[in-house]
Amino acid sequence: MVVTRADVARLAGTSPALVSYVLNGGPRSVAPATRARIEAAIAELGYRPNMSARSLRMNRGHALGMVIPDGANPFFAELSAAIETAAFARGYPLFVGNAAGDESREQAYVRSFIDRRVEGLLAISSSWGAGIAEACEQANMVLVALDRVIDPARCAHVLCDSVAGARTAVEHLIGHGHHRIACLSGPHVSTAEDRVRGYREALTTAGLPEGPVVRTDFGGAAGYRALSELLRDPVPPTAVFVTSDLQAMGMLRAAYDAGLHVPDDLAVVAFDGIEYGRYTRPGLTTMAQPTQRMGQTAVELLLEQIDGGTTQPGVVRLDARLAARGSCGCPDEF
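Remember, it's a predicted structure, so these values are computed and weren't measured experimentally.

Pulling in residues and values, what's your account of the pairing of strand E8 (residues 239-242)?
A two-sided burial pattern is seen for E8, the buried positions comprising Ala239 and Phe241 on one face and Val240 and Val242 on the other. Taken together, the four bridges between strand E6 (residues 181-185) and E8 define a ladder with parallel strand orientation. Note that in E8 the partner of Ile181 across the bridge is Ala239. By the bridge criterion, three bridges tie E8 to strand E9 (residues 267-272) in an arrangement that is parallel. Note that in E9 the partner of Phe241 across the bridge is Val269. Running through helix H11 (residues 245-257), the crossover from E8 to the neighbouring parallel element E9 is right-handed.

If you want it as structure tokens, here you go:
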């Protein structure tokens, strides 16, 4: 026998609408005692929502889509995993498209998800930016942007506070006695721009001159190549703030190959907090992004809109945490 929401409501002594609110997490709140009765009735009857019927009513497939800029980058992999976990807990499969830094590929994935009528889209844009928001708006597709700014007037965003995090990173280097601090930045995306801004703000506040700012891709090979450029300065820096962990890991290898000792000859602090950073030698000091909270918050915002809520466009900013290890001169504790 198929168990329905009406069956659950009868056993719990409440209405089918309240059963729906409990199952969907809204859009209205349910009193704790009523929620407990509904959850007990669901467990007793073994009720499972009919997702196929729901998808037919909405004329959408019961799934979420996500576009990321680089599937080989561990940070995006970790963030995708956090989102997949949060989506799975709410009963949604997640399909991920890897743009691989290619704007045309990014556009193709977005259009593919729209054509397949997933219920909502999460996007970390590699280059197309506001075009994603415009395409989703035209298709009446719910969208939440992550990590990089797409279009705050059109959709909700979940970001780490890169400006404040970068300030903290540079202040930490200053606290170790460094006065000549360079910056290795990523390409011209909002995340990198914010981190360069925080770097500059920290130096200005401390009354220190700005060091060289070198821009490269976010990968390890780019970080490896960038060290030689930073060391060309007649008075080379004693420390570098790097805007991504992968770049910093490449720079650590380049420093080793150049006969430099980290942190004595060159201190390094990065940004992202990927798991691999703790396994470098010395361990990489980094501003760790709250990937689990970012993923959970993004999925909650997306499903709130899917379920008829009124999430407003704008930006939710979460704080990064300093993970101090040996590359800056702190004790290198595993």
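Got a sec to walk through the layout of surface pockets? Specific residues and values, please.
In this approach, a probe sized like a water molecule rolls over the atoms, and the result shows the empty space that is left. Approximately 290 Å³ is the volume attributed to the largest pocket. Along the wall of the largest pocket there are 15 residues; nearest its centre are Pro69, Asp70, Gly101, Arg148 and Phe218. Here the lining of the largest pocket is composed, by residue class, of seven nonpolar, five polar and three charged. When its volume is computed, the second largest pocket comes out at roughly 240 Å³. Taken together, 14 residues form the lining of the second largest pocket, with Met141, Val142, Leu143, Arg154 and Gln305 sitting closest to its centre. Counting only elements with at least two residues in the lining of the second largest pocket, the list comes to helix H7 (130-138) and strand E4 (142-146). It is H7 that provides the largest number of residues to the lining of the second largest pocket, a total of three residues. Of the residues assigned to the lining of the second largest pocket, the class counts are eight nonpolar, four polar and two charged.

Report on the domain arrangement of the chain, specifying residues and quantitative values.
The domains assigned to the chain are domain 1 (5-49), domain 2 (64-160 + 291-319) and domain 3 (162-289). With centres defined by C-alpha atoms, the gap from domain 1 to domain 2 works out at 30 Å.

How each quantity is defined
- Residues numbered from 1 in each chain as written.
- Predicted model: local features only at pLDDT ≥ 70, side-chain atom pairs only at ≥ 80, totals over all residues.
- Heavy atoms only, no water.
- Buried < 20%, exposed > 50% of the residue type's maximum accessible area, 1.4 Å probe, protein only.
- Helix = DSSP H or I, 4+ residues; strand = E, 2+ residues; numbered from the N terminus.
- Pairing = 2+ DSSP bridges.
- Right-handed = clockwise from strand over helix to strand, strands pointing away.
- 1 Å grid on protein atoms, 1.4 Å probe; cavity = no way out; pocket = protein on both sides within 12 Å on 5 of 7 lines; lining within 4 Å.
- Points joined across faces, edges and corners; volume = space filled by probe spheres on them.
- Nonpolar A, V, L, I, M, F, W, Y, C, P; charged D, E, K, R; others polar.
- Domains from an automatic or database assignment.

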